[in-house]
Amino acid sequence: MNSITTKVGIIGGGPSGLLLSQLLDKKGISSVVLERHTRDYVLGRIRAGVLEHGFAELMREAGCGTRMDAEGEVHEGFFIADGNARYHIDLAKYTGGDSVVVYGQTELTRDLYEARSERGGQVIHEALDVRPHDVKTANPYLTYRQGDETFRVNCDFIIGADGFHGVSRKAIPRDVLKEYEKLYPFGWLGVLSRTKPVSPELIYAKSARGFALCSLRSQVLSRYYIQVPLSDRPEDWSDEAFWDELKRRLPDDVARDLETGPSIEKSIAPLRSYVAEPMRYGNLFLAGDAAHIVPPTGAKGLNTAASDIHYLYRGMVDHYVNGDSTGLEQYSEKALARVWKAQRFSWWMTMLLHHFPDSDAYDQRLQDTDLEYLLSSDAALQTLAENYVGLPF
């Protein structure tokens, strides 16, 4: 069996795994990233792209922020629409000047790939049947297969950044792992189109017909979503039907200005909340979707993964450079504390803005009152803003 020896073995070549590998490399800590798909496949995935203030800083620290700063859209606010009314949420005002950066996850991942290539990073694609072994010992290792050959990666630590359906979480015994899950009775139908965005900032729209979101990737690339039943399929929706329904859920002036066009990509994502505890088992550490999922309403999915990487990176540096393992020992506790705050915020935003098919008149009045209170209270707006731009690490 061919073997590789490194400090940190990372399962998953998405943005989380690549970012951690890049950050560690800049501190002289070696790693190997194992990704089951090709690089083109990873870069073909369409994902959200609203980066918290802290995530943007982490990209800069990794030496990967040049294109993000040049091409990303800095947003100091967003809109909430309720029927025909539209309200501006001034993030900078309520956070002392903080903002978010709208930059597509595909582009962010491309930047990370290029940075790893420039530094000679080991990112192994089409690594099949990846398995973590001996994670409770001081000498854990990974195995994977390419063709008929099996390889072994000897390491000090294993990072599971391989998503919800990956193998990492399954290495934690069922009597140790505790899981929390909430499923929502709808999904988001998303369309990517090569059209000018209808608004310079995101619009979160609440309507009697259901939720809608106007987002963007650039000044020539727009991303729009509408709430749909879980029974719907993308092929059930023609482009024309999508645009017509989106317009019905937006204020009249926004609908009037909406530029439509052929969809580049169309998909439906179910909404769910999920957390697995603990996020560390022996020398196996979970990060990102391997440990937690949020509904996309609060734009926290990629950002909570980044906060996990922040804690892992700092912990690894303290361990290897300063001989202090406190950060790694406290990783699960620290990461989960921030994860649950993001879960609360995402749940609250989802409950605030969506139409729930089983809600009664009482629930609807409470939802309306919650929004009315939010828009009338500086304290409530500050809470929304500080969560949206990202709580401190």
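Our structure is the block above this text.
Report follows, based on the coordinates. (Residues numbered from 1 in each chain as written. Predicted model: local features only at pLDDT ≥ 70, side-chain atom pairs only at ≥ 80, totals over all residues. Heavy atoms only, no water.)

1. So, the overall build of the chain
Part 1 of the argument: On a plain count of helices and strands, the chain comes out with 13 helices and 21 strands.
Part 2 of the argument: Rg of the C-alpha trace for the chain: 21 Å, near the compact-globule value of 21 Å for 393 residues, within the 12% margin.
Part 3 of the argument: Dimensions of the chain, computed from C-alpha atoms along their principal axes, come out at roughly 65 × 40 × 40 Å.
Part 4 of the argument: Here the chain, with 393 residues, has 54% of them falling under the buried criterion.
Part 5 of the argument: For the chain, the share of sequence-separated contacts (at least 6 apart) that also reach a separation of at least 24 residues comes to 72%. (Helix = DSSP H or I, 4+ residues; strand = E, 2+ residues; numbered from the N terminus. Rg over C-alpha atoms; globule rule 2.2 N^0.38 Å. Buried < 20%, exposed > 50% of the residue type's maximum accessible area, 1.4 Å probe, protein only. Contact = heavy atoms within 4.5 Å.)

2. Topic: the packing of aromatic side chains
Part 1 of the argument: This model, assessed by the stated rule, comprises 18 aromatic pairs.
Part 2 of the argument: With 5.0 Å between their ring centres and 50° between their planes, Trp-188 and Tyr-225 make a pair best called tilted. With a gap of 37 residues between them, Trp-188 in strand E14 (residues 178-193) and Tyr-225 in strand E17 (residues 221-228) connect regions that are remote in the sequence. Each of the two residues, Trp-188 as well as Tyr-225, counts as buried.
Part 3 of the argument: Note that Lys-136 overlies the ring of Tyr-281, its terminal NZ or CZ placed 4.9 Å from the centroid.
Part 4 of the argument: Sitting over the face of the ring of Tyr-388, Lys-300 holds its NZ or CZ atom 5.9 Å from the ring centroid. (Phe/Tyr/Trp six-rings, centres within 6.5 Å; stacked < 30°, edge-to-face > 60°. Lys NZ or Arg CZ within 6 Å of the ring centre and 35° of its normal.)

3. Re the sheet that holds strand E8 (residues 100-102)
Part 1 of the argument: In spatial order, the strands read E4-E8-E5; together these three strands make up an open sheet with antiparallel pairing. Each edge of the open sheet carries a strand with a single partner, namely strand E4 (50-51) and strand E5 (73-75).
Part 2 of the argument: Across three bridges, the pairing between E5 and E8 is antiparallel. Pairing of Val-74 across the sheet is with Val-101, part of E8. (Pairing = 2+ DSSP bridges.)

4. Some points on unusual backbone geometry
Part 1 of the argument: The omega torsion of the bond from Glu-277 to Pro-278 falls at -5°, within 30 degrees of zero and hence cis.
Part 2 of the argument: Tracing the chain through its elements places Pro-278 in the loop between strand E18 (263-277) and strand E19 (280-281).
Part 3 of the argument: Positioned with a positive phi, Glu-126 is a non-glycine residue whose angle comes to about 55°.
Part 4 of the argument: With respect to the helices and strands, Glu-126 occurs in the loop between strand E9 (122-125) and strand E10 (128-133).
Part 5 of the argument: One non-glycine residue with positive phi stands out, namely Asp-134, at about 50°.

5. Points about empty space enclosed by the protein
Part 1 of the argument: What the rule picks out here adds up to two cavities of 30 Å³ or more.
Part 2 of the argument: Volume-wise, the largest cavity comes out at about 70 Å³.
Part 3 of the argument: Forming the boundary of the largest cavity are Glu-52, Lys-300, Arg-338, Lys-341, Ala-342, Phe-345, Asn-387 and Leu-391.
Part 4 of the argument: Of the residues contributing to the lining of the largest cavity, the split by class is three nonpolar, one polar and four charged.
Part 5 of the argument: Approximately 60 Å³ is the volume found for the second largest cavity.
Part 6 of the argument: Every residue lining the second largest cavity is listed: Pro-15, Val-42, Leu-43, Arg-45, Arg-47, Gln-105, Thr-106 and Thr-109.
Part 7 of the argument: With three residues, the single largest contributor to the lining of the second largest cavity is helix H6 (residues 105-118). (1 Å grid on protein atoms, 1.4 Å probe; cavity = no way out; pocket = protein on both sides within 12 Å on 5 of 7 lines; lining within 4 Å. Points joined across faces, edges and corners; volume = space filled by probe spheres on them. Nonpolar A, V, L, I, M, F, W, Y, C, P; charged D, E, K, R; others polar.)

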